[in-house]
Each structure stands twice: as structure tokens, then as C-alpha cells.
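Fold and contact review
Residues per chain, in single letters:
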Amino acid sequence: MLDQELQIVAGRRATSADRSAFASISPEASTSIDVTKMDEPVLKPQDPEPEGEEVGLLADTNNVPQFQRKVLSTRKKRWQLFGVEMSPDTIAIAMVYFVQGILGLSRLAVSYFLKDDLHLDPAEAALLQGLSALPWLIKPLYGFISDGVPLFGYRRRSYLVLCGLLGASSWFALATVVNNKYAAVSAILLSSLSVAFSDVVVDSMVVERARGESQVTSGSLQSLCWGSSATGGIVSAYFSGYFVATYGVRFVFAITALLPLITSVVAILVKEERRRASTVVDLEALELSGASPRLGFLETSRSQLICLWATVKEPNIFMPTIFIFLWQATPTSDTAMFFFTTNQLGFGAEFMGRVRLVTAIASLAGVGVYNACLKHVALKKIFFWSTIVGTLLGLTQLLLVTGINRKIGIGDQWFTLGDTLVLTVLGQVSFMPILVLAARLCPPGVEATLFATLMSISNGANVTGGFFGAGLTKLLGVTSQSFKHLALLLVICNLSSLLPLPFLGLLPSESDMDAAVEKAEKALLGTGISKRE
């Protein structure tokens, strides 16, 4: 995700723009300079180099031509967000994540659509929502396609355009023609596919920038991505409930159909050279697999699978991957709680929209807390304490289910808002290290594929947890009207969060992280490393 420059211009390397700029000075202009009338010579090799300052031909900006001063000034003035320089590529990444967040406008509408329009019970709704997440489980396939099959000559830009169009079509179908659970799952699957594929594309751009960087730099990149997503969630959160209550779910689906088109538009910001064939895999890595430099899709995929397996089987990557799955695969009770708050407590769509707003703000706050205070903290320590505290705070939902909150003078709505705020901040803080760990473990050559694999494992664990939760909900007899055993469901789901703690030893320490990245790169390059040595 960085280029190096060679030049004596302020101690930098020369870019093609710099060289063309100098070349643009006409001979007449250059000979018109009277060197004898200058107060000081431009080059002062006899002067000692001042300590802590950049030196060279353009070290003194008073002697720099005006056009060059503009170039330097432009570079200095490029603004940053979360400590990340906002280049056109970075803006595109942030906007795609923003779209992922703002698509939350439809999340509440989907829940009400399954509950009220299709009349599903909590277990069935949880199962169908889990099925709609299946496109997130095969993200490596999208990595193979994006890396190995340029679409109209581009590996990133064209796929972002296509994803935006697919998402818009899916939500338009939900707004107009879908009227049964099978059609609903199909449409939601396609919309999920569009988001998952675009996520792989921008993730590959993120890991290119994060590869070889420190935990701090990688944390800043992930903070930018998830901060953008949380901002989009804030923009859409309140209106999600208001629109459902005022205009109905079909109206919300129609508005949502316009949002994926933003992804198509920002694709023009992606800087990418047009190509005819895939060259994404390192030539030395190809020697390991016996593939030709001129690769078709099947041969490219085969070589990437070989390189991917050579990388994943390394203990420094395989063990953290196991932990990521275990940590995310514990059962959840979210769908059952949604039915309880809407059917039993009588929370309306507009108030649920406010809950979504609090969730989005809390998610952004969680990103801010991690970026400001915790990105220097060891991953094991964050996982341990966030799990302990999260389990204890998660049990506070028992107060709402049993009505104890009302006995101590806290209304149901205020308790729900406060509980959601705290749990979401903690959840986002504990999730950020997973993203940082995954990004830093990606070696060159298979960035998109490996990161997509790690995220697919995380998403698969979430779906597994959702299925476990749906099974427990069905087993305990929690339905849309019966919540007798909901408290027991909450206890089981929260205490199960402690189960991954004995496996914290699978995570590499910070001192071992650089060695893990180097070993992963050597596994990818194979015999090519020894050849250079």
C-alpha cells in the first residue's frame, strides 16, 4: 500500500513528475539566470550539513523554482485522517467502507421484514440471516478472481463498479418484487455478495499499505477503514427507524438501492494501470508452483492456492487463525433479544432506530479509543481483558429480561440505550486487534487472497456462532411470543465467550510479529529466497 523516491530534491528520490518538471525549464530560461548576482550560491558543498535537517539542491526553498515549491507545498499540505495520508486511493477505500456503514439503513428494515411481513419466528429469522452471510465465507474466491482475472483490464476499479451495480439491483428487487422468504434470502444474498466482493478489493489495497508496517501504522489504517464504516452507520442509523415507522420497509429498500452506486462512482479514484494478464504473483513465487509468467485464470488460481497453503501452514499464521475462529464462534442471542424488545417490551421502529444510532456512535467511539489508547498495547492483553469485561457486562441484559432494571428505577428504553453503548464500544475495541493481526500477517503476492481467507474464517466463525445461537433458541423454546427461557439463553451465550481464553497462547507476541511476517514471506517465495542468498 508505498513508493520510494530517489532524488537530491530535499533528500528525496526523484519521481517522474519531478524529472519532467525540471525538464520543462527551457534553455533560454536557464541561461538567463545571472549566477554572479545571487546573494548565496545554490550549492554549498563546503558548508557542514546542519544536524536534523534535510539538505541537497532544494534544501533552501528560497532557491527552489516556483513550480517546484508548489509541488513541495502540495505534498506538505496533504491532509491526514486517523494518522493516514489521504491520497485518492485512500479516499476510495474510506468511501467504500463508508458505503458499507451507510447500508445499515436497511438492517432494521430487514429484521422487521422477516418478523412482520414474512411472519418468521426468532430461530428461523436467525437461520435465514445466517444464510444471507454465506457470501462472506468464500472471500478467497473473490481474491482469486480479482487478482487473476482483470475485468476490462483492471483488477480493482472494474470490480468496484460491478459490485455497486449488483448491490443496487438487489435492493431494488427487495423494494419491488420480493414477497416470500426464498426470494428474500436470494436478494439479500446478492446484496451481501456485492458488499463482500468490494470488501475484498479494498482490503487488498489496505494490506498493500500495511504490509511490513508496524502495529501502530497498521492500526491507523484499520482505524480509518472502520471509522469510515462507523461514520456511515451514524449517518443512516436514526433514519432507519424513522423511515420504517413512517414509510415502511419497501421505501427503505428503495432508498438503500441508491447507496451502492457510490461505490461505482468512487472507483474512478483508484490509481491502477491497465493490464492484459495477471502479474500479481511474484515471479519467484511462481517458480515454486511451476506456473508460467503468462497465466490464465485457472493456472493463476492454482499457483495462488499453492502459495496460500505454503503461507497458511506456517505455525505463526496457522495458530492465530485458529484463535480467531474460536474467539468469534461462540453463540449469540441477538435475534432473540430483538424479538423480545419489540414484541414483549413494545419498542417501536423509531426507538430501535435510536438504538442503531447509539450503536453506530459507540462503534466509532470504540475505533477512536483503540486508535488513541490501545494500538500500542499487546494483542493478548486486549483480547484477555475485553473478553472478561465483555462477559460481565453482557450479563447485565438479564436485568432487562427479568425486569429488575425497573425495580431499581431505570426504564427499559434508557437501560437498553446505555447497555448498547457500553457493549458496542467494548466489542469494537476487541475486534480491532483481529484486523490488525490479519493485515500484518499478509506477505507480498497473495495479499488479497490471504487477508480474504483470514476474514472469511472470522466471518465463518460469526455465522457458526449465529447457527449455534439459533439452535439454542429453538432448543430452549424461545419464540416470538414465549420468552420464558430467554434468561438461560443469555447466560449460556455470555459465559461461552470465556471458552477461547485458554487458547490465547496461540497468538504471537509483539516481539515475534516481525519474525512471523518474514517467515510467511519466505514460505511464499520458497526456493527463490535461497537463490538470492
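Residues numbered from 1 in each chain as written. Predicted model: local features only at pLDDT ≥ 70, side-chain atom pairs only at ≥ 80, totals over all residues. Heavy atoms only, no water.

Per an unreviewed UniProt entry, the recorded name for the protein is Biopterin transport-related protein BT1, and the organism is Physcomitrium patens. Recorded in UniProt under Sequence similarities (unreviewed entry), the annotation for the protein is "Belongs to the major facilitator superfamily. Folate-biopterin transporter (TC 2.A.71) family." According to UniProt, the comment filed for the protein under the heading Subcellular location (unreviewed entry) is "Membrane". (UniProt positions renumbered as here; feature names shortened; annotations may be inferred.)

Points about the overall build of the protein
Along its length, the protein carries 25 helices and 4 strands. Across the 533 residues of the protein, 50% fall into the buried class. (Helix = DSSP H or I, 4+ residues; strand = E, 2+ residues; numbered from the N terminus. Buried < 20%, exposed > 50% of the residue type's maximum accessible area, 1.4 Å probe, protein only.)

Some remarks on helix α23 (residues 486-495)
Residues spaced three or four apart along an α-helix point in a common direction, a consequence of the helix completing one turn every 3.6 residues. Within the span of α23, buried status applies to Leu-486, Leu-489, Leu-490, Cys-493 and Asn-494. Viewed end-on, α23 has its buried residues packed into an arc of 120°, placing them on one side of the element. (Arc of directions from axis to C-beta.)

Here we look at the confidence of the model for the protein
Confidence in the prediction for the protein averages 75 pLDDT; 69% of positions are at 70 or higher. The least confident element of the protein is strand β1 (residues 6-9), whose mean pLDDT is 33; the most confident is helix α11 (residues 249-256), at 95. Every residue in residues 277-295 scores below 50 in pLDDT, and together they form 44 contacts with partners more than four places removed in sequence or on other chains. Here residues 527-533 scores under 50 on pLDDT; set against residues more than four positions off or in separate chains, the count is 6 contacts. (pLDDT = per-residue confidence, 0-100. Contact = heavy atoms within 4.5 Å.)

With respect to the environment of Lys-375
The residue Lys-375 is located in the loop between α17 (349-374) and α18 (379-394) in this model. It is 8.0 Å that separates the C-alpha atoms of Lys-375 and Pro-433, two residues lying 58 residues apart in sequence.

Comments concerning the packing of helix α5 (residues 107-117) against α17
α17 packs onto α5 with a crossing angle of 140° between their chain directions and a minimal axis gap of 10 Å. By the angle between their directions, the pair α5 and α17 is classed as oblique. Relative to α17, the crossing made by α5 is right-handed. Residues Arg-107, Leu-108 and Tyr-112 of α5 form the contact with α17, whose own contacting residues are Ala-349, Met-352, Gly-353 and Arg-356. (Axes fitted to C-alpha atoms, helices over the stretch in contact; angles between N-to-C directions. Parallel < 35°, antiparallel > 145°, perpendicular 65-115°, else oblique. Left-handed = near helix turned anticlockwise from the far one by under 90°.)

Let's talk about the packing of aromatic side chains
The description of an aromatic ring pair rests on the distance of the ring centres and on the angle between the ring planes. Summed over all chains, the structure comprises 17 aromatic pairs. Geometrically, the ring pair formed by Phe-338 and Phe-339 is edge-to-face, given 6.0 Å between the ring centres and 85° between the ring planes. Taken together, Phe-239, Tyr-242, Phe-243, Tyr-247 and Phe-251 form an aromatic cluster joined through their ring pairs. (Phe/Tyr/Trp six-rings, centres within 6.5 Å; stacked < 30°, edge-to-face > 60°.)

A short note on the nonpolar core
Nonpolar side chains tend toward joint burial in soluble globular proteins. Within the largest apolar cluster, 75 residues are counted, with the highest numbers of intra-cluster contacts made by Tyr-112, Phe-253 and Leu-486. Among the elements that line this core, the one with the most residues is helix α9 (residues 181-210), at 12 residues. Looking at this core, you find at least three residues from each of domain 1 (80-271) and domain 2 (314-532). The residues touching Phe-253, leaving out its near neighbours within four places in the chain, are Ser-106, Ala-109, Val-110, Phe-113, Trp-171, Leu-174 and Ala-175. Counting 27 residues, the second largest nonpolar core, distinct from the first, contains Ile-317, Phe-383, Phe-431 and Leu-504. (Core = buried A, V, L, I, M, F, W, Y, C linked by side-chain atoms within 4.5 Å. Domains from an automatic or database assignment.)

Looking at the side chain of Asp-412
With respect to the element layout, Asp-412 can be found in helix α21 (residues 412-440). In this structure Asp-412 comes out as buried when scored by relative accessible area, which is 15%. Leaving out residues up to four positions away in the same chain, Asp-412 has contacts with Leu-345, Phe-347, Leu-400, Asn-405 and Arg-406.

Thoughts on the pattern of salt bridges
Using the criterion set out here, one finds 5 salt bridges in the structure. A salt bridge links Lys-139 to Asp-203; the nearest nitrogen and oxygen atoms lie 3.7 Å apart. Of this pair, Lys-139 sits in helix α7 (residues 139-148) while Asp-203 is found in helix α9, placing the two residues 64 residues apart along the sequence. Overall, the relative accessible area of 1% leaves Lys-139 in the buried class. We classify Asp-203 as buried; its relative accessible area is 4%. Arg-406 is the partner of Asp-412 in a salt bridge, and the nearest nitrogen-oxygen pair spans 2.8 Å. Arg-406 gets classed as partly exposed once you look at its relative accessible area, which sits at 47%. When salt bridges that share partners are traced, they join Lys-139, Asp-199 and Asp-203 into one network. (Salt bridge = Lys/Arg side-chain N within 4 Å of Asp/Glu carboxyl O.)

A word on a nonpolar patch on the surface
Together, Val-161, Leu-165, Leu-258 and Leu-261 line one region of the surface with nonpolar side chains, adding up to about 320 Å² of accessible area. Along the chain, Leu-165 falls in helix α8 (residues 157-176). Classification of Leu-165 by relative accessible area gives partly exposed; the value is 44%. (Patch = residues over 30% accessible without salt bridge, like charges linked within 9 Å, V, L, I, M, F, W, Y side chains within 5 Å. Areas by Shrake-Rupley, 256 points an atom, 1.4 Å probe, with all protein chains shown as cover.)

Some thoughts on unusual backbone geometry
With a phi angle near 55°, His-119 is a residue other than glycine that sits in the positive phi range. Note on placement: His-119 falls in the loop between α5 and α6 (122-131).

Details of the side chain of Gln-100
With respect to the element layout, Gln-100 can be found in helix α4 (residues 88-102). We classify Gln-100 as buried; its relative accessible area is 16%. Look past the residues within four positions of Gln-100 in its chain and what remains in contact with it is Val-195, Ser-198, Asp-199 and Ser-229.

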